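# Residue-level structural notes
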Amino acid sequence: MTIWGRPDTMLAAQWTHVRARLRAEFGESTYNSWLKPLTLTEVQGDRARLAVPTRFMRDWTDTNYAPRIRELWAEEGDQIKSVEVIVEPSTAVAWPAGGPPARPRIAADPAPEPVAADPAPTLSAGGAGPGGGIPTASLDSRFTFANFVVGRSNELAHAAARRVAESKHAPFNPLFLYGGVGLGKTHLMHSIAWHIRELDPSRRVLYMSAEKFMYQFIRALRFKTTMDFKEQFRSVDVLMIDDIQFIAGKDSTQEEFFHTFNALVDQNRQIVISADKSPSDLEGMEVRLKSRLGWGLVADIHPTDYELRLGILQSKAEQLEAETPSKLLEFLAHKITSNVRELEGALNRIVAHATLVGRPVTLETAHEVLHDLLRANDRRVTIDEIQKCVAEHYNIRLADMHSARRARAVARPRQVAMYLAKQLTPRSLPEIGRKFGGRDHTTVMHAVRRIDELRSTDPSFSEDVELLRRMLET
Amino acid sequence: MRASAGRQLVLDLQPRTALGREDFLPAPCNQEALAWIDRWPDWPACGLAIWGPPGCGKSHLAQVWRAVSAAAEITPAALRTLSPREALVQNQAVIIEAADGEFDDEAEVGLFHLYNLARELGATLLLTGRGAPARWPTRLPDLRSRLAALPAVAIGHPDDALIEAVLVKLFGDRQLAVSADVIRFLQARMERSFAAARQTVDALDERALASQRPITIPVAREVLAEVGHG
């Protein structure tokens, strides 16, 4: 039986020494690729165990480097005689700046809670399949009136929704909410349902998407349970159908819906409908249904203005319990104008990212995380652009990027440009060399190494290069 | 097909690609994507999009995730006739690769309903594509805004260490023995992209098989000149 133990401080120190010698011997590139990921995990007698994150890295290091590691270690002390390389995937992610120490749960956008109270009646026919009947609708716990931020663009729709939620009898039938995508129609409908549930749990509220209505109907046709289907829908106190435009062109579903609609209106039961367009503008919808949909109150939701967007972000940031600088919220409210869903999604992404990497939420994080939203395309930087930008920055002639002159005043900027060409483009080193007046790829490698060294010793130079990188990337 | 004298006819046998979690190469450019995969089901939304250039490991990550989530894989074409409910009742997780392609109307509506239902049921979707979801050619506005709001994580350009490791892995998948010198030689001279690594290794594989010669630096130099990544 073998018992492996943690290496003591002496062995750990020997290993550090071995690593330093490996680095000197094999060079920076090889060291970073293959030797740096090796971690000394365990020791048993004269055997040391080194872990790498992947299987083939183990095979590769084992074949190519393990013998040399053993030789070097033998020179450090007598204890270790053999070295074994093992796989430990958990060593995989090496985070910068210490990484995420704890793992705070990301609760940014939890799944909605299924509604437990008052499930819809189940179909009596056995043919409906497991759990037959209307699948329990789910209401999003965050979609309440309390969380709905009111502004000029949505105040009419909001007021109408509140009226419906607070009235025992339908004040207008149907309430028809419409507007562009992601402006809060679903949020208002869920709010109505939550509010009614709170005021009077005995009232039967059924919320579903038009797609689900259609699915239920087709299923009922297939299993010959249309009578039960009708019965269920006609026995609710409040029926809410989201995104009615999805039954456009589906004639028999529309017909069924038309009859359900009439039956409920006759009994003065409340109906709430949402769509992306006003009733008269809905395409592929029967004329008689369109006219019915416009009978009650038609309330539209307009695109948001800046103040409302800012208000929404503040409210969302509170829900996420995230420290968000006001500058960031202003920036998002200014930049992401398309709709509320994308606006909230953007904030959600930034907060989730910050939690993942264990860093605070900043404006810089936002630029980094949302570059796909903020920039129209992912244009690739070219070597020509890099040369031009660097030449301008250091005030030298563009021709000096290709010239043979070795004066420091032109040689250093040229090295910076080569360095950036390597960092920002996938071009091969020989190709970069060719672009700089037919230089060899070893010259490019030398330039990259030189700039790396300078950056690590001269912070102001490093900032300068970073500034150039940012200029080129945005 | 024409086999010239002295060259053996090469059968196009697909190499077995290692797609386990242990085979995935962690690197700065993919560490965030990998961290999200490892973190499932603690995700900030009902879905995640991973995007990046060809060969960067999107599919590999999807397979790593499938192993832990038991996700079903749905092709974009299958979205057209999919019943979202049946799909999600069987699997609480779904993978859609190449989700950035041009979908027809039915497929877009299919994905839209699948997304809504996943959100409602607390199921999860993993989408992959070459570009960011906000830039996919989605026509249905309801779907476009949902995709744009989805957490999306990019896999960036590989650094030198990753290119070397990718080369070693690709040679390993093809059971080709190469020396560390050859790897270094290639890494310093080829285009630094995942696609170039794959093409170069494929070309070397074919050459080694056809000529029955081991892959040495002179062979690597010749092949690099031919594939044009040098």
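Residues numbered from 1 in each chain as written. Chains lettered and ligands numbered in written order. Predicted model: local features only at pLDDT ≥ 70, side-chain atom pairs only at ≥ 80, totals over all residues. Heavy atoms only, no water.

## Comments concerning the sheet that holds strand β1 (residues 47-51) of chain B
All names here are of chain B. What the five strands build is an open sheet, ordered β2-β3-β4-β1-β5; its pairing is parallel. Edge positions in the sheet fall to β2 (72-73) and β5 (152-154), since each of these pairs with one other strand and no more. Examined bridge by bridge, strand β3 (residues 93-96) and strand β4 (residues 124-129) share four bridges and lie parallel to one another. Bridging across to β4, V94 finds its partner in L125. The strands that helix α4 (residues 105-121) touches are β3 and β4; relative to β4, the one it contacts most, it runs at about 140°. (Pairing = 2+ DSSP bridges. Helix = DSSP H or I, 4+ residues; strand = E, 2+ residues; numbered from the N terminus. Contact = heavy atoms within 4.5 Å. Axes fitted to C-alpha atoms, helices over the stretch in contact; angles between N-to-C directions.)

## Concerning the nonpolar core
For soluble globular proteins, nonpolar side chains are generally found buried alongside one another. With 75 residues, the main nonpolar core has A:W34, A:I69, A:W73, B:I50, B:L126, B:F171 and B:L186 as its most contacted residues. Examining the composition of this core, we find that eight residues originate from one element, helix α6 (residues 160-173) of chain B, more than from any other. Excluding anything up to four places from it in sequence, B:F171 contacts B:L176, B:V178, B:I183, B:L186, B:V201, B:L204 and B:I215. (Core = buried A, V, L, I, M, F, W, Y, C linked by side-chain atoms within 4.5 Å. Buried < 20%, exposed > 50% of the residue type's maximum accessible area, 1.4 Å probe, protein only.)

## Focus on the interface of chain A and chain B
Taken residue by residue, the interface counts 70 residues in chain A and 62 residues in chain B. Between chain A and chain B lies a buried interface of about 5,700 Å² when both sides are counted; carbon and sulfur atoms form 53% of it. On the chain A side of the contact with chain B, A:F56, A:F246 and A:R341 bury the most area, a combined 11% of that side's loss. Where chain A touches chain B, the interface holds seven salt bridges. Notably, a salt bridge pairs B:D160 with A:K422, separated by 2.7 Å at the nearest N-O pair. At the boundary of chain A and chain B, one finds 20 residue pairs in polar contact (both at pLDDT 80 or more). Counting residues per element, the ones that place at least two in the side of chain A that touches chain B are α2 (28-35), α3 (55-64), α7 (210-222), α13 (340-357), α15 (371-374), α17 (408-424), α18 (429-435) and α19 (441-457) of chain A. Tallied by class, the residues present in the side of chain A that touches chain B amount to 32 nonpolar, 18 polar and 20 charged. (Buried area = accessible area lost by both parts, 1.4 Å probe. Salt bridge = Lys/Arg side-chain N within 4 Å of Asp/Glu carboxyl O. Polar contact = N/O pair within 3.5 Å; in protein donor to acceptor, adjacent residues only side chain to side chain. Nonpolar A, V, L, I, M, F, W, Y, C, P; charged D, E, K, R; others polar.)

## Some words on the packing of α2(A) against α6(B)
Here α2(A) crosses α6(B) at 60°, and the two axes come no closer than 9 Å. Compared by their axis directions, α2(A) and α6(B) come out oblique. Handedness of the α2(A)/α6(B) crossing: right-handed. Residues A:S29, A:N32, A:S33 and A:W34 of α2(A) pack against B:D160, B:A161, B:E164, B:A165 and B:V168 of α6(B). Classifying every residue of the contact of α2(A) with α6(B) gives four nonpolar, three polar and two charged. (Parallel < 35°, antiparallel > 145°, perpendicular 65-115°, else oblique. Left-handed = near helix turned anticlockwise from the far one by under 90°.)

## Focus: the side chain of B:S193
Note that B:S193 resides in the loop between α7 (180-189) and α8 (194-211). Within polar-contact distance, the side chain of B:S193 engages the backbone nitrogen of B:A196 at 3.1 Å.

## Concerning the domain arrangement of chain B
All names here are of chain B. By domain assignment, chain B separates into domain 1 (27-154) and domain 2 (160-227). Listed by partner, the interface residues are eight residues for domain 1 and five residues for domain 2. Counting the surface lost from both domain 1 and domain 2, the interface buries some 450 Å², and carbon and sulfur atoms represent 76% of this. The tally of links between domain 1 and domain 2 comes to zero salt bridges. (Domains from an automatic or database assignment.)

## A look at helix α1 (residues 31-39) of chain B
Across the nine residues of α1(B), seven count as buried, placing the element largely inside the fold. Restricting attention to buried positions, one finds in α1(B) the residues B:Q31, B:A33, B:L34, B:A35, B:W36, B:I37 and B:R39. Buried-residue contacts for α1(B) involve α13 of chain A together with β1, α2 (58-69), β4 and β5 of chain B.

## Side note on the domain arrangement of chain A
Annotation of chain A at the domain level lists domain 1 (9-91), domain 2 (145-300), domain 3 (306-378) and domain 4 (383-473). On a C-alpha basis, the centroid separation for the pair domain 1 of chain A and domain 4 of chain A is 35 Å.

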